[in-house]
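# An overview of the molecular structure
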Amino acid sequence: MPAFDTIDDLLADSRVLVRLDLNSPIEDGSPQDNRRFERHAETVRELADAGHRVVLMAHQGRPGRDDFTSLAGHAAILADHVDRDVAFVADTDGEEALEAIDALGAGEVLLLENTRMCEDELPEAEPEEKAETEFVRTLAPHFDAYVNDAYSAAHRKHASLVGFPLVLPAYAGRVMETEYEANTAIATREFDGPVTMVVGGTKATDVIGVMDALDDRVDRFLLGGVAGELFLRAAGHPVGSDVGGMDLFDEQWERNRELIESVLDERGDAIHLASDLAYEGPDGERAEVAVDDIAEKTEGYLDVGSATVADYEPLIRESDAVFVKGALGVFEDERFADGTVGALAAIAETDCFSVVGGGDTSRAIEMYGLSEDDFSHVSIAGGAYIRALTGEPLPAVEVLEAAARRAED
Ligand SMILES: Nc1ncnc2c1ncn2[C@@H]1O[C@H](COP(=O)(O)OP(=O)(O)OP(=O)(O)O)[C@@H](O)[C@H]1O
Ligand SMILES: O=C(O)[C@H](O)COP(=O)(O)O
């Protein structure tokens, strides 16, 4: 059980400052709707329905990057999901923001400007230091309580995440609660049958670290994607290196080579590698090759092959728990979706505890007509999910727990 208080513990009629994570893909300057809006809407609606005055903080992108924009568009998308007005003020903690905050009525919702436009938000520092910033000192007196719902940003030591819980009574929102519980299940829950992890995607460095850390909690790892090829390379196959203009493999290989070799050496019996791979054939069609028949890497492999999918499906079906991190292939292209969709469909049809993590991978669920209800949890977290799996502490969760201990004393 998490050791933090939740919004069930809020005093009636509170003025609450709520941190969400609405960080979204930006296209043509506009935020794109995604699961984060839908999930956070539940917390926002509940707080507003209870009659609290609800002020929201969130970030978008980082200074210097293309996706660093105002949250004006986010307010409109969130309003659709919450099904009530979400006012927006283009200010984080100045006069305009404070006036809008103080004018808010019971049950009303206001979104402040991108927190990363306030210079106190970044860079990362210890909570005590962040609690001393002008940003926190200016806003905090206008509130009775702070709620953190931004599990997916909980690995960052930013003012809006770790500063406020030191100076205000602090609570977890619904997203924080459910993400925390599902994502720590691999470490905290006991399962009767096999625990399987589907490992893929492009961020091989991350997932190899997870495999190493979860050594004794996972019975078998089913590999695909870039990590899968790197393990095949370590097993002596001539794949897992860049061809053409690629830069996915060689740098990650150099960085992880020793770890891959030691994980393979120690847990080889638990690691399932692809027996065949798919690539784009001469006429643009999906072509497949058995890994044993590859004499030299001349192709970019874009999916695991059909024999591999047939090997992986029964292993998933007999599992008691399945955790997914990363796609088994480039599922965005229908020709190379078989591995990812095959694995997800097998999970969906199986009555196991399942968590699908990673923003990209979870997009495959709606793209291929699967139902989110057939999974125990579809995480909206990227970096925080990885840290939860590896058992690394999340600073924003730690300060919520400390706040709960203080409240008890
Ligand atoms: N063999 C491959 N070659 C190139 N890309 C691949 C391959 N296999 C999978 N991918 C890509 O991996 C992406 C998903 O991986 P990523 O590591 O980004 O993981 P994620 O966990 O879904 O996302 P995030 O951590 O960004 O939230 C997909 O977009 C897919 O196209
Ligand atoms: O989108 C995310 O994963 C979180 O919001 C964290 O964003 P950041 O990596 O820019 O800190």
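What counts, and at which threshold
- Residues numbered from 1 in each chain as written.
- Chains lettered and ligands numbered in written order.
- Predicted model: local features only at pLDDT ≥ 70, side-chain atom pairs only at ≥ 80, totals over all residues.
- Heavy atoms only, no water.
- UniProt positions renumbered as here; feature names shortened; annotations may be inferred.
- Near = heavy atom within 4 Å.
- Polar contact = N/O pair within 3.5 Å; in protein donor to acceptor, adjacent residues only side chain to side chain.
- Areas by Shrake-Rupley, 256 points an atom, 1.4 Å probe, with all protein chains shown as cover.
- Nonpolar A, V, L, I, M, F, W, Y, C, P; charged D, E, K, R; others polar.
- Pairing = 2+ DSSP bridges.
- Helix = DSSP H or I, 4+ residues; strand = E, 2+ residues; numbered from the N terminus.
- Axes fitted to C-alpha atoms, helices over the stretch in contact; angles between N-to-C directions.
- Parallel < 35°, antiparallel > 145°, perpendicular 65-115°, else oblique.
- Left-handed = near helix turned anticlockwise from the far one by under 90°.
- Contact = heavy atoms within 4.5 Å.

Where an unreviewed UniProt entry is consulted, the protein appears under the name Phosphoglycerate kinase, with the organism given as Halorubrum coriense DSM 10284. UniProt's Sequence similarities (unreviewed entry) comment on the protein is quoted here verbatim: "Belongs to the phosphoglycerate kinase family."

Around ligand 2 sit Asp21, Asn23, Arg36, His59, Arg62, Arg116, Ser152 and Arg156, and that is every residue in its neighbourhood. With respect to ligand 2, the side chain of Asn23 contributes an N or O atom lying 2.9 Å from an oxygen atom. At 2.9 Å from an oxygen atom of ligand 2 is found a side-chain nitrogen or oxygen belonging to Arg62. For ligand 2, the accessible surface in isolation is 320 Å², of which the surrounding protein chains cover 83%. Classifying every residue of the shell around ligand 2 gives no nonpolar, 3 polar and 5 charged.

Time to look at the sheet that holds strand S14 (residues 303-304). Strand order in this open sheet of 3 strands is S13-S12-S14, and the pairing throughout is antiparallel. The sheet is open, and its two edges are formed by strand S13 (286-290) and S14, each paired on a single side. As judged from the 2 bridges shared by strand S12 (residues 276-280) and S14, these two strands associate in the antiparallel manner. Each bridged residue has a counterpart across the sheet, and for Leu277 the counterpart in S14 is Val304.

Each packed pair of helices is defined by two parameters, the angle between the axes and the distance between the axes. Where helix H1 (residues 35-49) contacts helix H2 (residues 72-82), the two axes come as close as 9 Å, and the packing angle between them is 65°. Between H1 and H2, the crossing angle belongs to the class labelled roughly perpendicular. Between H1 and H2 lies a crossing of right-handed hand. In contact with Phe37, Glu38, Ala41, Val44 and Arg45 of H1, H2 contributes His74, Ile77, Leu78, His81 and Val82. Looking at the contact of H1 with H2 residue by residue, the class counts come to 6 nonpolar, 2 polar and 2 charged.

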